Each structure stands twice: as structure tokens, then as C-alpha cells.
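Tertiary structure, described
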Amino acid sequence: RIICIGLTYLNAVSKLQTEHWFLDHPEEEKALLERFLTFISDYEALFTYYGRGFEFPFIQARLKQYQLNDTAFMTKKLIDMRPALKAFNAKRSDLEARLHFQRHFQSSGEDMVKLYRTYTQTGAEIYKTCILAHQSEELQSLLLFFELYLSFYHSKDWILKKQLVEEQSLSLVVGT
């Protein structure tokens, strides 16, 4: 089941904002998905890192499980930045290191599933807090990837692209 869905987006006044839908009780998963579908109805695209391999099919399967209409989800531009960022020949953790992103929680998705099971058994808020902190770091990392993705793949500057790939760095020179 889905434990938590998180999104970072630009709000009405163009400020970054984060929204989390956390599954406090397993029997509320359908309601969580309905809230998520309602929220994304105002957006055209969803960006992920490895969404084609995990998030997109997992969400779609859960929507089908509850016989929810997946049109609102599947008609979005579902953009997985992982294939585009393969030019850097790096795993997610390597890309994060190159972008100087330091995690405070070195946990895997599998670890989060275990924490969630403990949360549902005990109701101890510390487990929920840890899961949400992990997800917040995932979203922060994703924002860095998004900036890199936009810089790299929407640039017409082939020298910039070459520098990003070959030197694994970026220099900014401002001309007058």
C-alpha cells in the first residue's frame, strides 16, 4: 500500500510549497488517493526520479485496486528525470553528492515500510515523523535534480552540456 505521497509545487503566489498525504490508518488508503487526485487536477505535469520504474506504476495499481478513475493521473505529463540524468553516469546518491546535497536520514524505502509497520502497531508519532522527514529529503533532492534537468536538457548551449557531462560541474560566467 501507499504509505505517503509528497509533492513540492509552486503555489498561487509562485512560492515553493510541499504537501504530504500520510496514511495514518491502512484502511484510509482510498481516501488518500482521492485527495491526491483532487490536488493534482490543477497541474499538467509530475516530475520524479525513477517514477516510471516505481511511483507511476505503483500509484496506478493502487488506483485500480480501489476502482478509482486513473484518468486524472494518467493524462498528466509523467516525467521521469532518471533517464535524462543518466548522462552523468551516477546513481542518485552520487548525483546528490555532486550537487552537495547531504541527507540527515540514510534510509531506504524498505526501511520506511518497516517504520510504517511499527507506526501502525504502536501509534508512536516518532515513526511518522521519521517517514515524513525521509520524504521531505527525497523532495529536496528531487528539486535539485529538477534544476539540473532544466539546465541540462532545455539548454541550447552545447558547451554547457559538454561541461556538465564531462567535468561533472557547472561554471557560471556573466558577460557584460
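Higher on the page you've got the structure.
Here's what I pulled together on the structure shown here. Small disclaimer: the values here were computed from a predicted structure and weren't measured. (Residues numbered from 1 in each chain as written. Predicted model: local features only at pLDDT ≥ 70, side-chain atom pairs only at ≥ 80, totals over all residues. Heavy atoms only, no water.)

**Considerations on the nonpolar core**
Core analysis: the biggest nonpolar cluster contains 24 residues, and Ile5, Phe36, Ile59 and Phe73 have the highest contact counts within it. Secondary-structure elements contributing two or more residues to this core are β1 (4-10), β2 (16-22), α1 (29-40), α2 (55-65) and α6 (109-122). Looking at this core, the element that brings in the most residues is α1, giving 5 residues. Excluding its chain neighbours within four sequence positions, the residues that come into contact with Ile5 are Glu19, His20, Trp21, Leu32, Leu33, Phe36, Ile59 and Gln135. Counting 12 residues, the second-largest nonpolar core is a separate cluster that includes Tyr49, Phe88, Leu148 and Tyr149. (Core = buried A, V, L, I, M, F, W, Y, C linked by side-chain atoms within 4.5 Å. Buried < 20%, exposed > 50% of the residue type's maximum accessible area, 1.4 Å probe, protein only. Helix = DSSP H or I, 4+ residues; strand = E, 2+ residues; numbered from the N terminus. Contact = heavy atoms within 4.5 Å.)

**A look at the environment of Gln67**
Tracing the backbone shows Gln67 in the loop between α2 and α3 (71-74). Using a relative accessible area of 75% as the deciding quantity, one classes Gln67 as exposed. Sequence separation of Gln67 and Lys30 is 37 residues, and the distance between their C-alpha atoms is 9.4 Å.

**Here we look at the pairing of strand β4 (residues 77-80)**
On β4, burial follows the alternation: Leu78 and Asp80 on one face are buried, whereas Lys77 and Ile79 on the facing-out side are not. Inspection of the sheet shows strand β3 (residues 45-48) paired to β4 by 4 bridges, in the parallel sense. When the sheet's bridge partners are listed, Leu46 is paired in β4 with Leu78. (Pairing = 2+ DSSP bridges.)

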